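Below are the chains, spelled out letter by letter.
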Amino acid sequence: QVQLVESGGGLVQAGGSLRLSCAASGRTFSLYTMGWFRQAPGKERDLVAAISRRSGDMTYYADSVKDRFTISRDNAKNTVYLQMNSLKPEDTAVYYCAAAVVGRPWPPVRSDNYDYWGQGTQVTVSS
């Protein structure tokens, strides 16, 4: 069983930055593909970014965040990060960290690819 705990959300003005962190329990963090999803009210939960297992040599970004967000991982700290720059009001959502134990064809965009989920952290971007 893996527990994921997000932190770093909050209220920020448009154009600002936030860095989300997701701390994972367990000894096998480096074996997991990690993803960040977000869900706005009335909308589906969509993949924002993903990073491959171990070295994280493969990354994926949704078109809406490409060139603004950066996903990274620190396996020594059992932590995955999402650096969010140039934030826009449309980025407002609950952001969820997720871990996929079993590898899938890249990119793992479907939520059912993921086995463990954090509780979510609210990101609100004001205009």
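Since this is a predicted model, take the numbers as computed values, not measurements. (Residues numbered from 1 in each chain as written. Predicted model: local features only at pLDDT ≥ 70, side-chain atom pairs only at ≥ 80, totals over all residues. Heavy atoms only, no water.)

Caption draft 1: Structural context of the overall build of the chain. When helices and strands are counted, the chain shows 0 helices and 11 strands. Its helices and strands taken in sequence order, the chain reads β-β-β-β-β-β-β-β-β-β-β from the N to the C terminus. At 13 Å, the chain has a C-alpha radius of gyration in line with the 14 Å of a compact globule built from 127 residues. Projecting the C-alpha coordinates of the chain onto the three principal axes gives extents of approximately 40 × 25 × 25 Å. Evaluated residue by residue, the chain yields a buried proportion of 44% over its 127 residues. (Helix = DSSP H or I, 4+ residues; strand = E, 2+ residues; numbered from the N terminus. Rg over C-alpha atoms; globule rule 2.2 N^0.38 Å. Buried < 20%, exposed > 50% of the residue type's maximum accessible area, 1.4 Å probe, protein only.)

Caption draft 2: Looking closely at the layout of surface pockets. Put simply, the largest pocket is a space of about 210 Å³. Lining the largest pocket are 14 residues, and of these R38, A40, K43, D46 and E90 sit closest to its centre. Looking at the lining of the largest pocket, the elements that each hand over two or more residues are strand 4 (33-39) and strand 5 (46-51). Among the elements that make up the lining of the largest pocket, the one with the highest residue count is strand 5 (3 residues). Each residue belonging to the lining of the largest pocket can be placed in one class, and the counts come to 6 nonpolar, 3 polar and 5 charged. (1 Å grid on protein atoms, 1.4 Å probe; cavity = no way out; pocket = protein on both sides within 12 Å on 5 of 7 lines; lining within 4 Å. Points joined across faces, edges and corners; volume = space filled by probe spheres on them. Nonpolar A, V, L, I, M, F, W, Y, C, P; charged D, E, K, R; others polar.)

Caption draft 3: Local environment of the sheet that holds strand 3 (residues 18-24). The strand order across the open sheet built from 4 strands is 1-3-8-7, with neighbouring strands paired in antiparallel fashion. Of all the strands in the sheet, just strand 1 (4-7) and strand 7 (69-74) have a single pairing partner and so form its edges. This sheet shows a mean twist of 15° between the axes of neighbouring strands, independent of strand direction. Two elements, strand 7 and strand 8 (residues 79-84), share 6 bridges in a ladder whose sense is antiparallel. Residue S72 lies in a different strand from strand 8, and its bridge partner there is Y81. (Pairing = 2+ DSSP bridges. Axes fitted to C-alpha atoms, helices over the stretch in contact; angles between N-to-C directions.)

Caption draft 4: Representation of the pattern of salt bridges in the model. By the definition in use, this model includes 3 salt bridges. Close ionic contact of R68 with D91 constitutes a salt bridge, the shortest N to O distance being 2.8 Å. Placement of R68 in the loop between strand 6 (59-61) and strand 7 and of D91 in the loop between strand 8 and strand 9 (93-100) is noted, with a sequence separation of 23 residues between them. Residue D112 is joined to R110 by a salt bridge in which the shortest nitrogen-to-oxygen separation is 2.8 Å. (Salt bridge = Lys/Arg side-chain N within 4 Å of Asp/Glu carboxyl O.)

Caption draft 5: Examining the state of the cysteines more closely. For the coordinates displayed, the defined rule picks out 1 disulfide. With its sulfur 2.0 Å from that of its partner, C22 forms a disulfide with C97. Given an S-S torsion of about -80°, the disulfide between C22 and C97 has left-handed geometry. Of this pair, C22 sits in strand 3 while C97 sits in strand 9, and the two are 75 residues apart along the sequence. A relative accessible area of 0% means that C97 is categorised as buried. (Disulfide = S-S within 2.5 Å.)

Caption draft 6: Layout of the environment of S86. Structurally, S86 is set in the loop between strand 8 and strand 9. Between the C-alpha atom of S86 and that of G16, which follows or precedes it by 70 residues, the distance is 5.4 Å.

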